[in-house]
Amino acid sequence: QVQLVESGGGLVQAGDSLRLACAHSGRSFSNYNMGWFRQAPGKEREFVATITFAGSTYYADSVKGRFAISRDNAKNTVYLQMNSLKPEDTAVYYCAIKRPGLGIRSNTQTNYDVWGQGTQVTVST
């Protein structure tokens, strides 16, 4: 059974950077399109970024230019580099596997079917 395990979260100050990692335990990681979501307290889970198996990327407007998603297929890992962090970036961050056959701009929660347990990111002022 495929598992996703996120790591790298923590408490940082506004303007700092963090890199999150999501390790995939199963086979065929290189065939999957992957995504990052986040959920702040009292809010809906929202899309952050996605990367295709071929390396194409797409971002939510709120993080464009500050966050970068990447992958290392040799390590079965997808990353989220977060720069210029803001207090409004505070959330639990989740990685997920996208269902096959969906476009890069199709990023509702229901388009993803395997999720990690999440990692907390807190940005203080």
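Residues numbered from 1 in each chain as written. Predicted model: local features only at pLDDT ≥ 70, side-chain atom pairs only at ≥ 80, totals over all residues. Heavy atoms only, no water.

**Q** How should the environment of Tyr112 be read in this particular structure?
**A** Tracing the sequence through the fold places Tyr112 in strand β10 (residues 112-115). Sequence separation between Tyr112 and Met34 is 78 residues; the distance between their C-alpha atoms is 8.5 Å. If sequence neighbours within four positions are ignored, Tyr112 has contacts with Met34, Gly35, Phe37, Phe47, Thr50, Ala96, Ile97, Lys98, Arg99, Ser106 and Asn107. At 3.3 Å, the side chain of Tyr112 forms a polar contact with the side chain of Thr50. (Helix = DSSP H or I, 4+ residues; strand = E, 2+ residues; numbered from the N terminus. Contact = heavy atoms within 4.5 Å. Polar contact = N/O pair within 3.5 Å; in protein donor to acceptor, adjacent residues only side chain to side chain.)

**Q** I would appreciate a short explanation of the packing of aromatic side chains in the present structure.
**A** Each aromatic ring pair is summarised here by two numbers: the centre-to-centre distance and the angle between the ring planes. If you walk through the whole model with that rule in mind, you get five aromatic pairs. Considering the side-chain rings of Phe37 and Trp115, the 5.0 Å spacing of their centres and the 65° angle between planes classify their relative orientation as edge-to-face. Of this pair, Phe37 sits in strand β4 (residues 34-39) while Trp115 is found in strand β10, placing the two residues 78 residues apart along the sequence. The exposure class of Phe37 is buried, given its relative accessible area of 1%. With relative accessibility at 24%, the residue Trp115 sits in the partly exposed group. Residues Tyr112 and Trp115 carry aromatic rings whose centres are separated by 6.2 Å and whose planes lie at 55° to one another, so their mutual orientation is tilted. Taken together, the aromatic side chains of Phe37, Phe47, Tyr58, Tyr112 and Trp115 make up a single cluster linked through ring pairs. One Lys or Arg, Arg45, reaches over the ring of Tyr94 and ends 3.8 Å from the middle of that ring. Between the NZ or CZ atom of Arg45 and the centre of the ring of Trp115, over which it lies, the distance is 4.8 Å. (Phe/Tyr/Trp six-rings, centres within 6.5 Å; stacked < 30°, edge-to-face > 60°. Buried < 20%, exposed > 50% of the residue type's maximum accessible area, 1.4 Å probe, protein only. Lys NZ or Arg CZ within 6 Å of the ring centre and 35° of its normal.)

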